[in-house]
Amino acid sequence: MHPSLSLDRLTVPGFARVDVVETSPSTNAELAAAVRADPAAWPAPSALVAEEQTAGRGRAGRTWETPPRASLTVSVLLRPRVPAEILGWLPLLAGLAVVRAVSDGGVTAAVKWPNDVLLPAADAVEGLGPYRKVAGILAEVVPEAPGAGSAGATGAGPAAPAVVLGIGLNVSQSAEELPVPTATSLALAGHPRPDRTDVLVHMLGELHAVVRRWEEADGDVTAAGLLDEYRAVSATLGTRVRAELAGGAGEVVGEAVGLDEAGALTIRTDAGEERTVTAGDVWHLR
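Model, not experiment: these values are computed from the prediction.

S.K.: Help me understand the sheet that holds strand 2 (residues 46–53), please; the structure alone is not making it clear to me.
M.R.: Sheets are built from strands paired through backbone hydrogen bonds, the pairs being either parallel or antiparallel. Strand order in the open sheet made by the seven strands is 1-2-5-9-8-7-6, with mixed pairing throughout. The two strands at the open ends of the sheet, each matched to only one other strand, are strand 1 (17–24) and strand 6 (110–112). Taking the axes of each pair of neighbouring strands and ignoring which way they run, one obtains an average angle of 30 degrees across the sheet. Against the sheet, helix 3 (residues 196–216) makes contact with strand 1, strand 2, strand 5 (71–78) and strand 9 (162–170), and its axis sits at roughly 30 degrees relative to strand 5, the strand it touches most.

Printed below as a string of C-alpha cells:
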C-alpha cells in the first residue's frame, strides 16, 4: 500500500492555495469548474491534488487512471502574464520544470515535444527510442465570464487568462501497476527517495520559478534563458520523428530541427521542406 501525502510538509512558497482531495475523476475538470464558479477563491498560482484520479484526461481525449497514492496527479491554476499567442509554450516549460524536479534525485529526465517527460531505459521501444514515459502534461484555458478573472489575478491592468495545467507523474508504481509497457516510474528508474510529498513540493516550486522568469521576460523564452535550457533537456530536437497531425490531417516525417516563437515544432522533411507542427502526436524514429 502506498502512503498518503504528508499535509504538514505541503507548503510551497509562492502558492496561494494547495488543496488535497482523496479522489477525483479529473483534477483538471474539477479545478476548471471551481475557477469558473468562484475565481476569487483560486488566486494564481493554486493547485488541486488528488490521491487517486479515476478518469484523468490526456491529450486528444484520452483517459487514464493510476493506483491510489502511487503517482502525483495535480492541476495548477495559473494566469501567465504573457501574450496570449505564446501560451503554447506553457506545457513545454512545465516539462522543463518537471525534468528539474525529478532529475534532482539522481535520474536524468528529458522532454518529448509537446507534453511528455521521459526517463532513460535499458532498451528501445517504438515511438520513444531508449526512453519510457514518466509524466504527461495537459494545459487548458478556462473560459470565464467577462471581468470574472480579475478577482483571481494580481497586478494592474486586464486580468490574464486562467489556465489549468495538469501534471500526472508516476512516482512509486511497480512494473505491474503501470498501464502500458512504455511507461515507467521514479521508483523503477532508481530514484533514491521517491517521496511523493517531497517531489510535489519541489515540482511546484520549479514550475513557479520557471513561469516567473517567463513573465519577467514578457514571454520571451530566449531572453529568459529558457529556450536554451529547454533545448538542453529535449529528447526530440535533433531526432528523426514522425508527427501524426491533429484531426487526422496526415503526418510529417523528418528531423526535428527547432521551435518557433509560439513553441510549435519545426520539422525538416527528407525533401528539405520545413514544416511547422502546432499539435499532434510525435514519435521518435530509430
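From this point, the discussion proceeds with the structure in view.
S.K.: Explain the pattern of salt bridges here, please?
M.R.: When charged atoms on two side chains of opposite charge get close, those side chains can pair. As enumerated under the stated definition, the model contains 16 salt bridges in all. Note that Asp 19 is salt-bridged to Arg 17, the shortest N-O span being 2.8 Å. For Asp 19, a relative accessible area of 24% corresponds to the partly exposed category. Three or more residues joined by partner-sharing salt bridges are found here, namely Arg 9, Asp 195 and Asp 198.

S.K.: Just to check I follow, could you spell out empty space enclosed by the protein for this structure?
M.R.: By rolling a water-sized probe across the atoms, one finds the places where empty space is left. Throughout the structure, instances matching the rule amount to one cavity of 30 Å³ or more. Taken together, Pro 91, Leu 92, Gly 95, Val 111, Lys 112, Pro 114, Asn 115, Asp 116 and Tyr 230 make up the lining of the largest cavity. At the level of elements, helix 2 (90–103) and strand 6 are the ones that each hand at least two residues to the lining of the largest cavity. The element that contributes the greatest number of residues to the lining of the largest cavity is helix 2, accounting for three residues. Looking at the lining of the largest cavity residue by residue, the classes come out as five nonpolar, two polar and two charged.

S.K.: Explain the nonpolar core to me, please; I cannot follow it from the model alone.
M.R.: Side chains of a nonpolar character, in soluble globular proteins, are inclined to be buried together. Membership of the largest hydrophobic core comes to 65 residues, with the highest contact counts inside it found for Leu 169 and Trp 214. It is helix 2 that contributes the most residues to this core, 10 residues altogether. Counting residues domain by domain, this core receives three or more from each of domain 1 (7–233) and domain 2 (239–284). Here Trp 214 is in contact with Pro 80, Val 82, Ile 86, Leu 87, Trp 89, Leu 90, Leu 93, Gly 219, Asp 220, Val 221 and Leu 226, once residues within four sequence places are set aside. Formed by nine residues, the second largest nonpolar core is a distinct cluster that contains Ala 32, Trp 42, Leu 77 and Val 164.

S.K.: Sorry, what's going on with the packing of aromatic side chains here?
M.R.: To describe a pair of aromatic rings, you give the distance between the ring centres and the angle between the ring planes. Applying the stated criterion to the full structure yields one aromatic pair. Between the aromatic rings of Trp 89 and Tyr 230, the centroid separation amounts to 6.2 Å while the plane-to-plane angle is 85 degrees, which identifies the pairing as edge-to-face. With Trp 89 in the loop between strand 5 and helix 2 and Tyr 230 in helix 4 (residues 226–233), this residue pair connects regions lying 141 residues apart in the sequence. Lying over the aromatic face of Trp 42, Arg 17 brings its terminal NZ or CZ to 3.6 Å of the ring centre. Of note, Lys 112 hangs over the ring of Trp 283, and the distance from its end group to the ring centre comes to 5.3 Å.

S.K.: Sorry if this is basic, but what is going on with the confidence of the model for the protein chain here?
M.R.: A low pLDDT score tells you not to read the predicted coordinates there in detail. Summary statistics for the protein chain give a mean pLDDT of 90 and a share of 91% for residues scoring 70 or more. Of the regions scoring below 50 in pLDDT, residues 149–157 engages in 17 contacts with residues more than four places distant in sequence or in other chains.

S.K.: Before we go on, may I ask you to explain helix 3 in this structure?
M.R.: Structurally, the α-helix is built with 3.6 residues per turn, so residues lying three or four positions apart point the same way. In this model helix 3 runs 30 Å from its N-terminal to its C-terminal C-alpha over 21 residues, within 8% of the 30 Å that 1.5 Å per residue would give. Burial in helix 3 covers these residues: Arg 196, Thr 197, Val 199, Leu 200, Met 203, Leu 204, Glu 206, Leu 207, Val 210, Val 211 and Trp 214. Against the buried residues of helix 3 lie strand 1, strand 2, strand 5, helix 2, strand 9 and helix 4. Where helix 3 begins, one side-chain oxygen reaches toward the backbone nitrogen of Thr 197, 3.0 Å away; that side chain belongs to Asp 195. Directly beyond the C-terminal end of helix 3, a positive phi value near 55 degrees is found at Asp 218.

S.K.: Looking at this structure, how should I read the environment of Pro 39?
M.R.: Summarising the element assignment, Pro 39 is placed in the loop between helix 1 (27–37) and strand 2. Each C-alpha atom of the pair Pro 39 and Ser 26 lies 19 Å from the other, and the pair is 13 residues apart in sequence.

S.K.: In this structure, what is going on with the side chain of Lys 112? I would like to understand it.
M.R.: Mapped onto the secondary structure, Lys 112 falls in strand 6. Excluding residues that lie within four positions of it along the chain, Lys 112 makes contacts with Leu 118, Leu 128, Thr 236, Val 282 and His 284.

S.K.: For this particular structure, what's the right way to read the environment of Arg 17?
M.R.: Mapped onto the elements, Arg 17 comes out in strand 1. In this structure Arg 17 comes out as partly exposed when scored by relative accessible area, which is 27%. With 61 residues separating them in the primary sequence, Arg 17 and Leu 78 have C-alpha atoms 12 Å apart. Setting aside residues no more than four positions away along its own chain, Arg 17 makes contact with Ala 41, Trp 42, Pro 45, Ser 46 and Ala 47. A polar contact of 2.8 Å, which involves the side chain of Arg 17, links it to the side chain of Asp 19. Separated by 2.7 Å, the side chain of Arg 17 and the backbone oxygen of Ala 41 make a polar contact.

S.K.: Explanation requested: unusual backbone geometry in the structure shown.
M.R.: A negative phi angle characterises most non-glycine residues, just as the trans form characterises most peptide bonds. For the peptide bond that leads from Ala 44 to Pro 45, omega is -5 degrees, which places it in the cis range. You can see Pro 45 is positioned in the loop between helix 1 and strand 2. Residue Pro 114 is bonded to the preceding Trp 113 through a cis peptide linkage, with omega at 0 degrees. With respect to the helices and strands, Pro 114 occurs in the loop between strand 6 and strand 7 (116–125). In the Ramachandran plot, Arg 69 falls in the positive-phi region, its phi being about 65 degrees despite a non-glycine side chain.

Conventions and cut-offs
Residues numbered from 1 in each chain as written. Predicted model: local features only at pLDDT ≥ 70, side-chain atom pairs only at ≥ 80, totals over all residues. Heavy atoms only, no water. Pairing = 2+ DSSP bridges. Helix = DSSP H or I, 4+ residues; strand = E, 2+ residues; numbered from the N terminus. Axes fitted to C-alpha atoms, helices over the stretch in contact; angles between N-to-C directions. Contact = heavy atoms within 4.5 Å. Salt bridge = Lys/Arg side-chain N within 4 Å of Asp/Glu carboxyl O. Buried < 20%, exposed > 50% of the residue type's maximum accessible area, 1.4 Å probe, protein only. 1 Å grid on protein atoms, 1.4 Å probe; cavity = no way out; pocket = protein on both sides within 12 Å on 5 of 7 lines; lining within 4 Å. Points joined across faces, edges and corners; volume = space filled by probe spheres on them. Nonpolar A, V, L, I, M, F, W, Y, C, P; charged D, E, K, R; others polar. Core = buried A, V, L, I, M, F, W, Y, C linked by side-chain atoms within 4.5 Å. Domains from an automatic or database assignment. Phe/Tyr/Trp six-rings, centres within 6.5 Å; stacked < 30°, edge-to-face > 60°. Lys NZ or Arg CZ within 6 Å of the ring centre and 35° of its normal. pLDDT = per-residue confidence, 0-100. Expected span 1.5 Å × (residues − 1). Polar contact = N/O pair within 3.5 Å; in protein donor to acceptor, adjacent residues only side chain to side chain.

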